[in-house]
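Topology and contacts: notes
Residue strings, one per chain:
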Amino acid sequence: MRKKTVYLMDSTLKGHHRVYLEALKTISDVQDISKEFEVTSSTKHIVSYIQDRRKIVNYAFKQSNQDDILHLLYLDNLYMASPFMSFPKGAKVIGTLHHFPNSKAKERLLKSFSKKLDMIVVHSDFIAKQLQSIGIHHFIVIDYPVFHSVPEPKSREQLRREAGIEEHKIVISALGGTRFDKGLDILLEAITHLSESEKDQLLINIAGKEETYKKDFILGKLQAAGIKDARVQLRLLSDEEFENHVQLTDAIVVPYRKVFTGNSGPMTEGIYRQKAIIGTNHGNLGYLIKQFKLGYTFEAEDAYSLAQAVRQYLTDGWSSNEMSRIYQERLRITHFVNRHSQLYQQWR
């Protein structure tokens, strides 16, 4: 019997979408049919909104063989048009969901769309539990991996020497783009609630693409808070630069707002390097930090609560433990690829 081909379909090829796709393409008998699509993001333009999503799905079925398997790699951009989509009879379709819906209406649309799928891939136990809560049970959890990990990065000590960071300084890093939903402003406010002696212990390291919060705003807030030692590097970082920022760090802070419901790249990289995580108690991020003893949580969108978490870290510290190392293993890219390979094998 002929071994079935798995057709991989994503509608955007930017950023992590590209490296995600490249990892899956290493599996045998997999074919990439991905194509960049521009889609209407506002439901105010409902006709275009639906048509754009139908175009993606229709294109995917035209490019794939109905007797094989289609893997839609980004359901998040598709399920809202569920009532207006039809799949060929007998089609085998897998879909990956990266974020759980943030409204009851969207939950209903996701549930409707899920009935068209043979399996849903999610990247956390937390999202799996949410699917169960709305009556979706045909899913598999495959953790979102570390894609850019440098096999043998420089040591923390060497990187800190090269960066001129004093050994006694505790480096707290906020990495990645300065988007509103990532809550950098919450961290900057939280710092004002620390005592002078606590501030003196810290080096605040902010690095990533300049987006919502601009450099002048950030520097002004740091100065007003009385932070004497800070590094602010606002540009798109290379993979190696990003890794170096993680490696020289003591704690990664993820002060994301409640609207953020997915996985955090900086947090994932920090866990892989066994760095302390100081993050929101909300959603998937809070679940992971508590479940795998990754660090400290704070009340989402509450700067004073974040200050308390930083204070607790300064007082009690954090060290790698059995649970954090278990989760570290689940983040290896080999685990991600092997789990997908096993999934595909079930349907071939």
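The structure presented is a predicted model; accordingly, all values stated were derived computationally and were not measured.

Counted by the stated rule, this structure contains five cavities of 30 Å³ or more. Looking at the largest cavity, its volume works out to about 100 Å³. Ala 174, Leu 175, Gly 177, Lys 182 and Leu 184 are the residues nearest the centre of the largest cavity, which is lined by 15 residues in total. Here the lining of the largest cavity is built from residues that sort into nine nonpolar, four polar and two charged.

Throughout the structure, instances matching the rule amount to 13 aromatic pairs. Between the aromatic rings of Tyr 144 and Phe 147, the centroid separation amounts to 5.5 Å while the plane-to-plane angle is 90°, which identifies the pairing as edge-to-face. Assessed through its relative accessible area of 14%, Tyr 144 is described here as buried. On the accessibility criterion, Phe 147 (14% relative accessible area) is buried. Taken together, the ring pairs in this structure connect Tyr 20, Tyr 144, Phe 147 and Phe 336 into an aromatic cluster. Above the plane of the ring of Tyr 49 lies Arg 53, whose end atom (NZ or CZ) is 3.6 Å from the centre. Stacked on the ring of Phe 180, the Lys or Arg Arg 257 has its end atom at 3.8 Å from the ring centre.

Right, let's talk about the environment of Ala 230 for a bit. One can find Ala 230 in strand E9 (residues 230-234). Assessed through its relative accessible area of 31%, Ala 230 is described here as partly exposed. In this structure the C-alpha to C-alpha distance between Ala 230 and Ile 172, which are 58 residues apart in sequence, comes to 9.6 Å. Ignoring sequence-local partners within four residues, the contact set of Ala 230 consists of Ile 204 and Leu 222.

Now for helix H9 (residues 239-247). If you check which residues of H9 are buried, you get Phe 242, Glu 243, Asn 244, His 245, Val 246 and Gln 247. Structurally, H9 contributes buried residues whose contacts are with helix H5 (156-163), strand E7 (170-175), strand E8 (202-208), E9 and helix H10 (265-272).

Size it by volume and the second largest pocket reaches roughly 180 Å³. What lines the second largest pocket is Leu 159, Ala 163, Ile 165, Asn 205, Arg 231, Gln 233, Glu 241, Asn 244, His 245 and Leu 248. Among the secondary structure elements, those contributing two or more residues to the lining of the second largest pocket are H5, E9 and H9. Ranked by residue count, the leading element in the lining of the second largest pocket is H9, at three residues. Across the lining of the second largest pocket, the residue classes break down as four nonpolar, four polar and two charged.

Overall, parallel pairing links the six strands, which are arranged E2-E1-E3-E4-E5-E6 in an open sheet. Each of the sheet's edge strands pairs with one partner strand only, and the pair in question is strand E2 (30-32) and strand E6 (139-141). Each strand of the sheet is rotated relative to its neighbour by a mean of 25°, with strand direction disregarded. Against the sheet, helix H1 (residues 16-24) makes contact with strand E1 (6-9), E2 and strand E4 (92-97), and its axis sits at roughly 150° relative to E2, the strand it touches most.

Right, let's get into the environment of Leu 72. When you line up the elements, Leu 72 lands in strand E3 (residues 69-72). As a C-alpha pair, Leu 72 and Lys 209 span 137 residues in sequence and 29 Å in three-dimensional space. Apart from residues lying up to four places away in sequence, Leu 72 is in contact with Met 9, Ala 60, Leu 78, Phe 87, Val 93, Ile 94, Gly 95 and Thr 96.

What counts as what
Residues numbered from 1 in each chain as written. Predicted model: local features only at pLDDT ≥ 70, side-chain atom pairs only at ≥ 80, totals over all residues. Heavy atoms only, no water. 1 Å grid on protein atoms, 1.4 Å probe; cavity = no way out; pocket = protein on both sides within 12 Å on 5 of 7 lines; lining within 4 Å. Points joined across faces, edges and corners; volume = space filled by probe spheres on them. Nonpolar A, V, L, I, M, F, W, Y, C, P; charged D, E, K, R; others polar. Phe/Tyr/Trp six-rings, centres within 6.5 Å; stacked < 30°, edge-to-face > 60°. Buried < 20%, exposed > 50% of the residue type's maximum accessible area, 1.4 Å probe, protein only. Lys NZ or Arg CZ within 6 Å of the ring centre and 35° of its normal. Helix = DSSP H or I, 4+ residues; strand = E, 2+ residues; numbered from the N terminus. Contact = heavy atoms within 4.5 Å. Pairing = 2+ DSSP bridges. Axes fitted to C-alpha atoms, helices over the stretch in contact; angles between N-to-C directions.

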